[in-house]
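# Structural description and commentary
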Amino acid sequence: MLYFLQQLLNGLHIGAIYALLAFGYALINGVLHRTNLSHGAIFGFAGQILILAAVFGWQVLWLTLPATLLLGTLAALAYGALVSAILARSVFQPLADRSPNTIVAATLGVSLVLMEMVRIAADTRDFWLPPLLSEPVVFASQNGFRLTLTVLQVINCGVAALLLVASSRALAGSRFGREWRAVSDDPLAAAFCGVDTKKVFRQAVVLGGLAASVAGILAALYYGNISFGSGLIFGLKILFVTAVGGYLSPARAALGGGAYGIAESLWSGYFPIEWRDGWMLGLLVALLVLRPERSQPDRVGAPG
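Note that the structure is a prediction, hence the values are computed from the model and not measured.

Scoring rules and cut-offs
- Residues numbered from 1 in each chain as written.
- Predicted model: local features only at pLDDT ≥ 70, side-chain atom pairs only at ≥ 80, totals over all residues.
- Heavy atoms only, no water.
- Helix = DSSP H or I, 4+ residues; strand = E, 2+ residues; numbered from the N terminus.
- Buried < 20%, exposed > 50% of the residue type's maximum accessible area, 1.4 Å probe, protein only.
- Contact = heavy atoms within 4.5 Å.
- Areas by Shrake-Rupley, 256 points an atom, 1.4 Å probe, with all protein chains shown as cover.
- Polar contact = N/O pair within 3.5 Å; in protein donor to acceptor, adjacent residues only side chain to side chain.

## What to know about the overall build of the protein
A count of helices and strands for the protein gives 11 helices and two strands. For the protein, the α and β elements follow one another from N to C terminus as α-α-α-α-β-β-α-α-α-α-α-α-α. Each of the three principal axes of the protein carries a C-alpha extent, and together these read 65 × 50 × 35 Å. Sorting the 304 residues of the protein into buried and exposed places 47% on the buried side. Within the protein, counting contacts between residues at least 6 apart in sequence, those at least 24 apart form 75% of the total. For the protein, the computed accessible surface area is about 14700 Å², with 67% contributed by carbon and sulfur atoms.

## Re the side chain of Thr242
Mapped onto the elements of the fold, Thr242 is located in helix H9 (residues 228-245). Of the residues examined, Thr242 reaches a relative accessible area of 0% and is grouped as buried. Polar contacts involving the side chain of Thr242 include one to the main-chain carbonyl oxygen of Ile238, which spans 2.8 Å.

## Observations concerning unusual backbone geometry
Excluding glycine, residues mostly carry a negative phi; peptide bonds, for their part, are mostly trans. Its identity as a non-glycine residue notwithstanding, His33 has a phi of 60 degrees, on the positive side. With respect to the element layout, His33 can be found in the loop between helix H1 (2-32) and helix H2 (39-59). Positive phi is not limited to glycine here, since Trp62 has a value of about 60 degrees. Note that Trp62 resides in the loop between H2 and helix H3 (65-95).

Given below as structure tokens:
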């Protein structure tokens, strides 16, 4: 039983990262209504920016470890917000009313650009952070087996939970949340009612990008390194998770991301790990095919 609970705890940690990604993806998709392949790229980009900025702070500025990690975190958030703002203004808004395939192709191009930018900045080198807060927190023990998470895992779960709860409450009760729901449902009608649809569109894209950036930061701090390929895989998983659960509810998408993380961890604990991603993605595809059809029509008058 403790072994099973250990896999659940491990799943809570990776699920918290998936939940942040899914929340941000649903927030953007609520106003975009198009498949966005750049979300995982922003996740990987933010994590790599954190590492590069931390290396610069440590080797060039001679900062202490906490200060260099703070520098990296701030740089990752700033670059994540900047990339998201550029995406909103220069890619999503001009193409929002075009064919869905246009957005797919454009965001794939954005992903490749972000990958090359980081590769050039790192001079094609692979940097790693040192192990951080790796001391175990013991929740239970029996017959020599201990139920643990590291201090950093506990902090990551707490940060993700706090952000998701605060964001969900703000989305449910704030003016932005009401306007976001109006634009998500019918941007043309929202514009007739005095809502600045372009502003809401840009804010949603930037906030969704920040959620992906925070997820990338948490992943980079825990794993010590994050590759662009990891960003693509995480983004693909979140695309399927939100497709199964529905694109238009960030809170429900976050719950789906958390559940997927737990399921992935249970697979790793009981089945061959090399088959994990293939079987889990296959399960998501099967759920997507078998679920009741809930069409998502194009929105006339999307902010462009």
